[in-house]
Amino acid sequence: MSSAGRERSADLLPKQRAAQRLWLPRAWRRAQNAKKAARPELDNVGWSVHGLAYIVDMEPLATRYPDNIGRIDGRVVSHAEFAERYEWPRKPTIITGLIDNWRASHKWDFDRLERKYRNQLFKCGEDDSGCSVKLKMKYYMTYMFKNYDDSPLCIFDGSFGERHKTKRLLDDYVVPPYFQDDLFSYVSSKRRPPYRWFVMGPARSGTGIHIDPLGTSAWNGLVKGRKKWVLIPPNVPKALLKPPSEISKYHPDEAITWFLNVYPKLHLETNKVPFYECVQHPGEIMFVPSGWWHVVINLDNTIAVTQNFCSLNNLEYVWRKTKRSRPKMFRQWIEQLRSHRPDAVRVLDRLQFNEESGREHSSSSNESSSSSSSSDSDSSSSDSDSESDSDENVGHGLNKNESQSKKSPTAPRDPVVTRKRRGDCSHDESECLCKLHRSP
Ligand SMILES: O=C(O)CCC(=O)C(=O)O
Ligand SMILES: [Fe+2]
């Protein structure tokens with residue numbers, strides 16, 4: 001049966017109707033098993049405990065608030081200009097004009113994907129012991145099109161590019177030219193952290209508030225549907241961004257909880273927490289710079305691909321995070337960079353020098369005392385806390401951020417702060433939302 005049982009029964013021939021009667025319960029059982037494994041805490045109450053599918057209209061999220069994020073045409077803006085205007089100053093933006101040329105723009109529709117990958121397993125969660133929870137594409141599609149869950153299961157598959165039967169998806173998109181130089185490609189494949197994900201999910205699913213892991217930046221190319229994004233500068237304390245615990249008993253870390261409870265407050269207090277927000281449309285690529293908080297909710301059934309990377313422009317942040325949380329990988333990686341990338345060596349030498357000369361101590365006193373970032377290992381933070389140590393080019397407001405001086409991507413940053421912070425995410429695998437814990 002095609003199209004994941006999406007046809008109305010009245011349109012079906014009797015034979016097809018019989019097939020659907022058998023098919024739906026099986027697909028449903030498989031999805032129930034996956035849901036049970038991925039979120040056992042919902043076993044007693046069910047996945048639609050708040051009835052959000054019936055009471056939340058997603059359209060106001062799409063239309064009520066104006067986009068305040070800039071867009072650039074990826075066919076017109078050169079790599080050097082992108083680095084200078086966005087990557088180096090860590091300014092989020094949406095890139096248009098590149099996805100039209102991807103094969104995915106015509107190959108990744110729901111029916112075609114279902115036909116081509118119908119029996120392939122895709123990861124849509126993790127169980128208590130950190131093992132992947134997977135569903136065949138055909139079952140996931142049925143679930144996606146028919147669910148009424150508050151915060152539905154979402155495919156977030158970080159190993160599609162490694163599996164024989166799904167790696168063909170790699171041929172359907174092109175890493176945007178701005179992001180092709182990934183210094184993590186010098187990490188051995190055994191140790192390299194997951195870095196690319198195939199993402200598919202229905203309305204109300206999404207990704208709760210987090211910072212991407214290891215100081216990496218990310219791009220997220222949307223092929224189908226719409227995603228609503230909010231991006232908040234690195235220096236904003238986590239405490240201002242978390243849903244109140246009494247409200248979010250069942251779905252504390254889910255994007256929908258954030259949009260229903262925290263987002264309206266941010267709008268009332270825009271002077272307290274500056275942020276970007278926008279609706280990403282099909283064909284658009286979001287650029288998320290290192291350290292930025294972000295939260296994403298799907299407004300429709302969506303298909304996207306996202307990759308994280310380390311470039312010369314965010315090496316400083318990645319260096320700091322990786323050194324601390326992946327020491328073995330770090331040593332091996334730096335060795336490789338030193339032998340193959342003289343351009344990176346200049347940056348590494350400066351970081352090393354600053355660390356050894358103790359510069360990090362001189363600036364740690366600048367830390368905002370209001371920061372709560374240092375105090376916990378919040379499950380909703382992907383890679384630690386907010387970056388409150390004032391080393392950022394990012395100002396306290398977006399306007400300041402926008403008017404940052406334009407430095408050349410290779411100009412030295414000073415001072416480089418490598419102060420150790422308390423409470424970096426302990427990466428408790430059972431809780432953390434970060435991409436590392438969505439590993440294959
Ligand atoms: O749900 C999404 O598409 C956003 C994904 C995201 O932020 C991430 O993968 O780190
Ligand atoms: Fe992210």
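It should be noted that the structure appears before, not after, this text.
These remarks concern the structure in this document.

Calculation notes
Residues numbered from 1 in each chain as written. Chains lettered and ligands numbered in written order. Predicted model: local features only at pLDDT ≥ 70, side-chain atom pairs only at ≥ 80, totals over all residues. Buried ≥ 20, exposed ≤ 12 C-beta atoms within 10 Å, placed from the backbone. Helix = DSSP H or I, 4+ residues; strand = E, 2+ residues; numbered from the N terminus. Pairing = 2+ DSSP bridges. Core = buried A, V, L, I, M, F, W, Y, C linked by C-beta atoms within 7 Å. Domains from an automatic or database assignment. Contact = placed C-beta atoms within 7 Å. Axes fitted to C-alpha atoms, helices over the stretch in contact; angles between N-to-C directions. Parallel < 35°, antiparallel > 145°, perpendicular 65-115°, else oblique. Left-handed = near helix turned anticlockwise from the far one by under 90°. Nonpolar A, V, L, I, M, F, W, Y, C, P; charged D, E, K, R; others polar.

**Quick notes on the pairing of strand S6 (residues 196-201)**
Line of reasoning, step 1. Counting buried residues in S6 gives six out of six residues, a clear majority hidden from the surface.
Line of reasoning, step 2. Residues of S6 alternate between two faces, with Arg 196, Phe 198 and Met 200 on one and Trp 197, Val 199 and Gly 201 on the opposite face, all of them buried.
Line of reasoning, step 3. Direction of pairing for strand S5 (residues 155-157) relative to S6: antiparallel, over a ladder of three bridges. Among the inter-strand pairings, Ile 155 is bridged to a residue of S6, identified as Met 200.
Line of reasoning, step 4. Bridge count for S6 against strand S13 (residues 302-309) is six bridges, and the pairing is antiparallel.

**Some thoughts on the nonpolar core**
Line of reasoning, step 1. Judged by nonpolar contacts, the single largest core of 86 residues is most densely connected at Cys 124, Tyr 140, Ile 155, Leu 231 and Ile 232.
Line of reasoning, step 2. Of the residues forming this core, the biggest block, six residues, is contributed by helix H7 (residues 137-146).
Line of reasoning, step 3. Counting residues domain by domain, this core receives three or more from each of domain 1 (27-315) and domain 2 (327-357).
Line of reasoning, step 4. Apart from the residues lying within four places of it in its own chain, the contact partners of Ile 155 are Phe 122, Lys 123, Cys 124, Tyr 140, Phe 198, Val 199, Met 200 and Gly 201.

**Concerning helix H10 (residues 315-325)**
Since the α-helix packs 3.6 residues into each turn, any two residues three or four apart lie on the same face.
Line of reasoning, step 1. Burial of H10 is extensive: eight of the eleven residues sit out of reach of the surface.
Line of reasoning, step 2. All buried positions along H10 are accounted for by Leu 315, Glu 316, Tyr 317, Val 318, Trp 319, Arg 320, Lys 321 and Thr 322.
Line of reasoning, step 3. Contacts from the buried residues of H10 go to helix H11 (327-340) and helix H12 (342-356).

**Examining the sheet that holds strand S1 (residues 71-73)**
Line of reasoning, step 1. Reading across the sheet, the seven strands line up as S1-S2-S11-S8-S13-S6-S5 and stay open at both edges, with mixed pairing between neighbours. The sheet is open, and its two edges are formed by S1 and S5, each paired on a single side. If you compare each strand with its neighbour and ignore which way they point, the axes differ by 20 degrees on average.

**Re the packing of H10 against H12**
Line of reasoning, step 1. For the pair H10 and H12, interaxial distance at closest approach is 10 Å and the crossing angle is 55 degrees. With respect to their mutual orientation, H10 and H12 come out oblique. Considering the relative orientation of H10 and H12, their crossing is right-handed. Between H10 and H12, the residues in contact are Leu 315, Glu 316 and Trp 319 and Ala 344, Val 347 and Leu 351, respectively.
Line of reasoning, step 2. Looking at side-chain class alone, the contact of H10 with H12 contains five nonpolar, no polar and one charged residues.

**Observations concerning the packing of H11 against H12**
Line of reasoning, step 1. Where H11 meets H12, the axes come as close as 7 Å, and the angle between the chain directions of the two elements is 125 degrees. By the criterion of interaxial angle, the relationship of H11 to H12 is oblique. Pair H11 / H12 crosses with left-handed handedness. When H11 is examined against H12, the residues Ile 334, Leu 337 and Arg 338 are found in contact with a partner set consisting of Ala 344, Val 345 and Leu 348.
Line of reasoning, step 2. The class makeup of the residues in the contact of H11 with H12 is five nonpolar, no polar and one charged.

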